[in-house]
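The primary structure of each chain is shown beneath.
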Amino acid sequence: MKLLGVLELIDAVGNSYHPSRLPIGFVAFCTTGLVVGYALAAFLQNDVSPIFPRISHTGNFPPASMVFSFNLGIAAIFLVQISFVVFKSMKRIINYQHQEVKSQLINGKSGLESSEALMENQLKQNRKHSINRLCLCCGILAAVGALGVGAFQVTYSKWLHYLFLVIMVVNGYTYSVLHTVNSRNFLKKMNYPKQDYLFKFRVSTLVTGGVGLIFMFTLTIIGAMKWDPLVSCTEDEKAQWQSFKNCSERNHNWKQGDGGFTHFVFSNVGQWIWLGSFFVFVFTTRNELKCKVPSIKIEKLDEMSQDGVDPIN
């Protein structure tokens, strides 16, 4: 109950503006944060290579690490907001479709056996609601993963960082897939122009992001198996910040000539491809948020009530 209360509060703040602006804000803010963090790490601090660095490595040391954590924290807030607003819109249109079909069946417009058709309609509604709830859970878990990735930098908490990275990536991609499937029916019902084009475009972003994820995970594992650190940090190096910083940099970033360097570079390319495709997907959710979801037709519900049928169940 407390979680729903918090989500309702976040939703009220977002709706005081307009929900369709949320994806724009998410993409704009996150892209700016990535660019600033990358510039600090690659050119000011010289912590990473300017050519396709691992995104996590751009947040190894301050001040870039501060930008990295702050950026992911705000991104998590945006993700929760977008997930919940889209969830509410989908829930309302699913209920509308259910009541509309139910009204037609009660009024004898379908030509089907009412009891069997009503049961089938109820099962379809339950499936759609289940997918919708699963989408919301995946969106929230992706946000939790983003918070964890930002809070636990790879230099200091490598395994926690990678654990939250997997949580963020897996749930973010799952959310994209489920929402693509569930929203197609939504856009058709709303008579959204170019709905087929939008669906195909989303599928293309999913394919692109999936290829990027395969590259990222597979080549990282292969590269790690071939890589031997050039230097291991000693206790004396850990005691001095600059020495520890230099040692950590060597141990967390492949250099040209190291074993697995080529695999590392291409796994980084896959990571950037997945992130870009996810940004594009989130941006497309503004199409659902711009749609005005119709209210349930009261006159049909009245007819159903007069016939002794419960209009809600």
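Treat the numbers as computed from the prediction; the structure is a model and nothing was measured.

About the thresholds
Residues numbered from 1 in each chain as written. Predicted model: local features only at pLDDT ≥ 70, side-chain atom pairs only at ≥ 80, totals over all residues. Heavy atoms only, no water. Helix = DSSP H or I, 4+ residues; strand = E, 2+ residues; numbered from the N terminus. Buried < 20%, exposed > 50% of the residue type's maximum accessible area, 1.4 Å probe, protein only. Areas by Shrake-Rupley, 256 points an atom, 1.4 Å probe, with all protein chains shown as cover. Expected span 1.5 Å × (residues − 1). 1 Å grid on protein atoms, 1.4 Å probe; cavity = no way out; pocket = protein on both sides within 12 Å on 5 of 7 lines; lining within 4 Å. Points joined across faces, edges and corners; volume = space filled by probe spheres on them. Nonpolar A, V, L, I, M, F, W, Y, C, P; charged D, E, K, R; others polar. Patch = residues over 30% accessible without salt bridge, like charges linked within 9 Å, V, L, I, M, F, W, Y side chains within 5 Å. Salt bridge = Lys/Arg side-chain N within 4 Å of Asp/Glu carboxyl O. Phe/Tyr/Trp six-rings, centres within 6.5 Å; stacked < 30°, edge-to-face > 60°. Contact = heavy atoms within 4.5 Å. Axes fitted to C-alpha atoms, helices over the stretch in contact; angles between N-to-C directions. Parallel < 35°, antiparallel > 145°, perpendicular 65-115°, else oblique. Polar contact = N/O pair within 3.5 Å; in protein donor to acceptor, adjacent residues only side chain to side chain. Core = buried A, V, L, I, M, F, W, Y, C linked by side-chain atoms within 4.5 Å.

Caption draft 1: Summary view of the overall build of the protein. Check the secondary structure of the protein and you find eleven helices and zero strands. Across the 313 residues of the protein, 46% fall into the buried class. Of the roughly 16400 Å² that the protein leaves accessible, carbon and sulfur atoms contribute 66%.

Caption draft 2: Seen up close, the environment of Pro 23. With respect to the helices and strands, the residue Pro 23 is situated in helix α2 (residues 21–44). Sequence spacing of Pro 23 and Val 282 is 259 residues, and the spatial spacing of their C-alpha atoms is 5.9 Å.

Caption draft 3: Looking closely at α2. For α2, which comprises 24 residues, the first-to-last C-alpha distance of 33 Å matches the rise-based estimate of 34 Å (1.5 Å per residue) to within 8%. For α2, the complete set of buried residues consists of Leu 22, Pro 23, Phe 26, Val 27, Cys 30, Gly 33, Leu 34, Gly 37, Leu 40, Ala 41 and Ala 42. In the stretch just after α2, Asn 46 is the one whose phi turns positive, near 55°.

Caption draft 4: Quick look at empty space enclosed by the protein. Inspection of every chain in the model, using the stated rule, returns seven cavities of 30 Å³ or more. By volume, the largest cavity is sized at about 330 Å³. Leu 34, Ile 55, Leu 72, Met 168 and Leu 275 are the residues nearest the centre of the largest cavity, which is lined by 29 residues in total. The set of elements that each furnish at least two residues to the lining of the largest cavity consists of α2, α3 (64–106), α4 (114–151), α5 (158–189) and α9 (261–284). For the lining of the largest cavity, the class distribution of residues is 21 nonpolar, eight polar and no charged.

Caption draft 5: A look at a nonpolar patch on the surface. Taken together, Val 203, Val 207, Val 211, Phe 215 and Phe 266 make up a surface patch of nonpolar side chains, about 410 Å² in accessible area. The greatest single-element share of the nonpolar patch, amounting to four residues, is contributed by helix α6 (residues 195–226). Looking at where Phe 215 falls in the secondary structure, it is placed in helix α6.

Caption draft 6: Seen up close, the packing of aromatic side chains. Counted under the stated rule, the structure contains ten aromatic pairs. Residues Tyr 197 and Phe 201 carry aromatic rings whose centres are separated by 6.4 Å and whose planes lie at 20° to one another, so their mutual orientation is stacked. Separated by four residues within a single helix, Tyr 197 and Phe 201 lie in helix α6, roughly one turn from each other. On the accessibility criterion, Tyr 197 (57% relative accessible area) is exposed.

Caption draft 7: Structural context of the environment of Phe 281. Here Phe 281 is to be found in helix α9. Overall, the relative accessible area of 2% leaves Phe 281 in the buried class. Taking the C-alpha atoms as reference points, Phe 281 and Ser 204, separated by 77 residues in sequence, lie 9.8 Å from one another. Excluding its chain neighbours within four sequence positions, the residues that come into contact with Phe 281 are Tyr 175, Ser 176, His 179, Thr 180, Arg 202 and Thr 205.

Caption draft 8: Up close: the side chain of Thr 284. Structurally, Thr 284 can be placed in helix α9. Taking the relative accessible area as the measure of exposure, Thr 284 reaches 6% and is therefore buried. Sequence-distant contacts of Thr 284, defined by excluding residues within four places in its chain, comprise Leu 198, Phe 201 and Arg 202.

Caption draft 9: Local environment of the packing of α2 against α9. Relative orientation of the contacting elements α2 and α9 amounts to 155°, with a least axis distance of 8 Å. By the angle between their directions, the pair α2 and α9 is classed as roughly antiparallel. Facing Pro 23, Ile 24, Phe 26, Val 27, Cys 30, Thr 31 and Leu 34 of α2, the residues of α9 in contact are Leu 275, Phe 278, Phe 279, Val 282 and Phe 283. Taken together, the residues of the contact of α2 with α9 break down into eleven nonpolar, one polar and no charged.

Caption draft 10: Local environment of the environment of Arg 54. Inspection of the secondary structure assignment puts Arg 54 in the loop between α2 and α3. Note: C-alpha distance between Arg 54 and Trp 272 (218 residues apart in sequence) is 8.5 Å. Setting aside its immediate chain neighbours within four residues, Arg 54 contacts Met 216, Thr 220, Phe 264, Ser 267, Asn 268 and Gln 271. There is a polar contact of 3.3 Å between the side chain of Arg 54 and the side chain of Asn 268.

Caption draft 11: Spotlight on the nonpolar core. Core analysis: the largest hydrophobic core is formed by 37 residues, its most contacted members being Phe 26, Val 149, Met 168, Val 169, Trp 274, Phe 278 and Phe 279. Listing elements by their share of this core, those giving two or more residues are α2, α3, α4, α5, α6 and α9. The element that contributes the greatest number of residues to this core is α3, accounting for eleven residues. Dropping the residues within four chain positions of it, Met 168 is found in contact with Ala 142, Gly 145, Ala 146, Val 149 and Trp 274. Core analysis: the second largest hydrophobic core is formed by five residues, Leu 40, Ala 41, Ala 42 and Val 48 among them.

Honestly, it's all geometry; don't read function into it.
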